[in-house]
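Reading the structure
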Amino acid sequence: MGAAIGRRLGFLSGGARSVLQAGAVLGGRFTVEDLALVSGRTVAGLAPIVEEAVAAGVLAEAGSELMFRHALIRQALHDGLPVAVRVGLHAHVARAFADAGASWDRVARHLLAAPQAISGWVLTWLAGLPASALYAQPGIAAELLDHARRVCLPGDRAAGVVHRPAVHGAAAAAAPR
């Protein structure tokens, strides 16, 4: 189904398709600023592309955000990216969102889509999160911390975060019973 939808999006200009594929990494709803971040274009440079996508019925306005008109369109664009590009975009978005102070679970969702991107900066970022944040989203926390444990080296300064009691408590809260 995704391939068929992808072929039907062939009427879009190359620039629009490329930007929409990058936008698909962001999820179903996103801001133009987020789209600029992931696409490497300016907000002003995105205006004609967004207008084209809205006119074509691929995107719709949702208040101050944009959204894909249908989840299948987003999925087809997302899955149409080569895996290496998709993973790289998720890693790029995670780092940019972390640097911008986005909510931790938003950063984590992109890291979980690109677990091979979990490295030293992620451990440092995790170490700065309050335990209460991890408890608020224990499922996401447990999965992210599981990946982080795999990259921790003995003696790693940031490794303490994945072994602190509050973190174990958040992970235990998320465990199926």
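Residues numbered from 1 in each chain as written. Predicted model: local features only at pLDDT ≥ 70, side-chain atom pairs only at ≥ 80, totals over all residues. Heavy atoms only, no water.

Under the defined criterion, the tally for this structure stands at two aromatic pairs. For the pair W121 and W125, a centre-to-centre distance of 6.5 Å together with 50 degrees between the ring planes defines the contact as tilted. In this pair, W121 and W125 both sit in helix 8 (residues 120-127), four residues apart, roughly one turn of the helix. The class of W125 is buried, set by a relative accessible area of 15%. (Phe/Tyr/Trp six-rings, centres within 6.5 Å; stacked < 30°, edge-to-face > 60°. Helix = DSSP H or I, 4+ residues; strand = E, 2+ residues; numbered from the N terminus. Buried < 20%, exposed > 50% of the residue type's maximum accessible area, 1.4 Å probe, protein only.)

Mean pLDDT over the chain: 85, with 82% of residues reaching 70 or higher. Mean pLDDT in the chain bottoms out at helix 12 (residues 165-174), which sits at 54, and peaks at strand 3 (residues 65-68), which reaches 97. (pLDDT = per-residue confidence, 0-100.)

Time to look at the sheet that holds strand 3. Here three strands make up an open sheet; going across it, the order is 1-3-2 and the pairing antiparallel. Because the sheet does not close on itself, it has two edges, and the strands there are strand 1 (29-30) and strand 2 (59-62). Here four bridges tie strand 2 to strand 3, and the two strands are oriented antiparallel to one another. Its bridge partner being in strand 3, E61 is matched across the sheet by L66. (Pairing = 2+ DSSP bridges.)

This part covers the side chain of R86. Of note, R86 is situated in helix 6 (residues 83-100). The charged side chain of R86 is buried without a salt bridge, its nearest counter-charge being D79 at 4.3 Å. Leave out the neighbours within four places in its chain, and R86 touches H78, D79 and L81. (Lys, Arg positive; Asp, Glu negative; His and termini not counted. Salt bridge = Lys/Arg side-chain N within 4 Å of Asp/Glu carboxyl O. Contact = heavy atoms within 4.5 Å.)

Quick look at the packing of helix 7 (residues 104-113) against helix 10 (residues 138-151) now. The description of two packed helices rests on the angle between their axes and on the distance between the axes. In the contact formed by helix 7 and helix 10, the axes pass within 10 Å of each other and the chain directions differ by 50 degrees. The angle between the axes of helix 7 and helix 10 places the two elements in the oblique class. When you trace helix 7 past helix 10, the crossing you get is left-handed. When helix 7 is examined against helix 10, the residues W104, D105, A108, R109, L111 and L112 are found in contact with a partner set consisting of I140, A141, E143, L144 and H147. The class makeup of the residues in the contact of helix 7 with helix 10 is seven nonpolar, one polar and three charged. (Axes fitted to C-alpha atoms, helices over the stretch in contact; angles between N-to-C directions. Parallel < 35°, antiparallel > 145°, perpendicular 65-115°, else oblique. Left-handed = near helix turned anticlockwise from the far one by under 90°. Nonpolar A, V, L, I, M, F, W, Y, C, P; charged D, E, K, R; others polar.)

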